[in-house]
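# Per-entry structural report
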Amino acid sequence: MKKFIALVMAAAMALSLAACGGTPASTPASTPASEPTSASTPASEPEQTDAVSADDIEDNMTSADGTYEIAFITDVGQLKDKSFNQGTYDGVKLYAAANGLSYKYYQPANGDQATDDDRYDAMKAAVEGGAKVVVCAGFMQEGALRRAAMEFPDVPFVFIDGYPLTEDPENPEAPVLTNVAAVAFQEEQAGYFAGYAVVKDGFEKLGFSGGGGGNNPAVCRFGYGFVQGANAAAAELGKTVDVNYSWEYGANFSASPELQTMANGWYANGTEIIFACGGSMFQSIAAAASANDGYVVGVDVDQSSQSDAVVTSAMKGLADAVQWAVAKVYDDTFSEIGGTATSLGVAEHAVGLPTAADSWRFETFTVDEYNTMYDKVLNGELTIDSDYNNLEQEYSNLNLNII
């Protein structure tokens, strides 16, 4: 994934991280703050210049004075989910390691059953533990984050997959919390690329298994984009494809025997590939794919190393976005993004498919074809609808079976 934050961070922090790309916008991605890098080099081009890999940095560190400057509050699921939580925490670790700062993750109590009080307690513990910035992952953090941000107005919070928060959600005129920076992604673009690519590669029986019970905007955008891309590719090929689409067993983004049983049933009944869109849900779907000679589309990060069944992954630049946002705390420009909505997509090289040789597992769909499609989105020739309320429309070349 191209590092759209690198130039900003190098200038502001004199970091040694090396990469390329433009800076992301502090307003929606349609009006980027600076020009992105060459359109012929999409977000998925493998980056070879990082001095340190996040995997080389310990998840747990011990600071000399017992305080931790950069805190991460996990979403539901495991920290090492090889997806959303891990990708977000990678950004925390990379920034901290590059700058010699202490860092710590806080997992809310009660795991998948965590409440707003559990999440707030984790945020309070982070602040009391010395956090100068708190990174919170996932839309479920909203209630707790509002409470924490109001209680600790001098602490900046980064709300990944979030949106601006007001002091009173019931009052549209209530003041916006300017110590909360909302960073979201245009997942519909990444989902579109994946859906288009798998159909172009010959898949005709598709599945989408989403986390969050249909209430997570990011996952909804991924799924709607996937359906749009599959329909577009089918139309070009003059065929009709089928998509099973379900939120079953994904409310907590966790692996489960029930989810694996459902996926087994889909594969047994002809589904060829499933978009596993929900953190640790991937484990159940990948296991079912392996048992049934099926295939998987990964999510958030390149998940090809997790299973031979993975054909591609719909990625977004979680680690990059976190580093960019945290850097603004330390260079005193957080006010540029606090209280505003940042939406990152193709224009910032923040979403895409992995094209490294060991990640690209399509048999007929080529990297050149993908780059051509990517450029169409970049230059505005192709626009992808983000309003997932339009999911249940009539499609020209796709049968959508919502389960």
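Throughout this document, residue positions are counted from 1 along each chain, in the order its sequence is written. Two thresholds apply to this predicted model, a pLDDT of at least 70 for residue-level local features and 80 or more for giving and counting side-chain atom pairs, whereas whole-chain, interface and lining totals are computed over all residues. Working from all heavy atoms in the structure, the side-chain values ignore hydrogens and water.

Under an unreviewed UniProt entry, the name given to the protein is BMP family ABC transporter substrate-binding protein, and the source organism is Candidatus Allofournierella merdipullorum. UniProt positions are given in the numbering used here, feature names are shortened, and annotations may be inferred rather than shown by experiment. According to the UniProt record, the Sequence similarities (unreviewed entry) comment for the protein is "Belongs to the BMP lipoprotein family." UniProt lists a comment for the protein under the heading Subcellular location (unreviewed entry), and it reads "Cell membrane".

Residues in a regular strand project their side chains so that they alternate between the two faces of the sheet. Of all six residues in strand E9 (residues 295-300), five are buried, a share of seventy percent or more. DSSP-based pairing: two strands are paired if at least 2 bridges between them are found. Helix numbering and strand numbering both begin at the N terminus, where a helix is a DSSP run of H or I of at least 4 residues and a strand a DSSP run of E of at least 2. One ladder, built from three bridges, connects strand E8 (residues 273-277) with E9; its direction is parallel. The residue of E9 that forms the bridge with Phe-275 is Val-297. Once you follow E8 into helix H8 (residues 281-291) and on to E9, the crossover reads as right-handed. The sheet contact formed by E9 and strand E10 (residues 310-316) spans five bridges and is parallel. For Val-296, the partnering residue across the bridge sits in E10 and is Val-310. Here's how the labels work: a residue is buried when its accessible area is under 20% of the maximum for its type, exposed when over 50%, partly exposed in between, all with a 1.4 Å probe on protein chains only. Crossovers are marked right-handed if the path from the first strand over the helix to the second runs clockwise, as seen with the strands pointing away from the viewer.

Our focus in this paragraph is the sheet that holds E9. Taken in spatial order, the seven strands line up as E12-E10-E9-E8-E6-E7-E13 in an open sheet, and their pairing is mixed. Every other strand in the sheet has two partners, leaving strand E12 (351-352) and strand E13 (398-402) as the edge strands with one partner each. Examined bridge by bridge, strand E6 (residues 205-210) and strand E7 (residues 241-246) share five bridges and lie parallel to one another. Within the sheet, the bridge partner assigned to Gly-207 lies in E7 and is Asn-244. What makes two residues a contact is simply this: any of their non-hydrogen atoms within 4.5 Å. To obtain each axis, a line is fitted to C-alpha atoms, and for helices this fit is confined to the stretch in contact; angles are then taken between N-to-C directions over 0 to 180 degrees. Packing against the sheet, helix H5 (residues 187-200) makes contact with E6, E7, E8, E9, E10 and E12, and its axis sits at approximately 160° to E10.

Attention shifts here to the side chain of His-349. Along the chain, His-349 turns up in the loop between strand E11 (341-344) and E12. Using a relative accessible area of 1% as the deciding quantity, one classes His-349 as buried. There is a polar contact of 3.1 Å between the side chain of His-349 and the side chain of Tyr-374. What qualifies as a polar contact is a pair of N or O atoms within 3.5 Å, subject to a donor-acceptor requirement within protein and to the restriction that residues adjacent in sequence count only when both atoms come from side chains.

With that settled, consider the pattern of salt bridges. For this document, the term salt bridge refers to a Lys or Arg side-chain nitrogen within 4 Å of an Asp or Glu carboxyl oxygen. The full count for this structure, using the stated rule, is 15 salt bridges. Among the salt bridges present, the one from Lys-124 reaches Glu-128, with a minimum N-O distance of 4.0 Å. One end of the pair, Lys-124, and the other, Glu-128, are both in helix H3 (residues 116-128), four residues apart, so they sit about a helical turn from each other. If you follow the salt bridges from partner to partner, you end up with Asp-161, Glu-187, Arg-221, Asp-300 and Lys-316 in one network.

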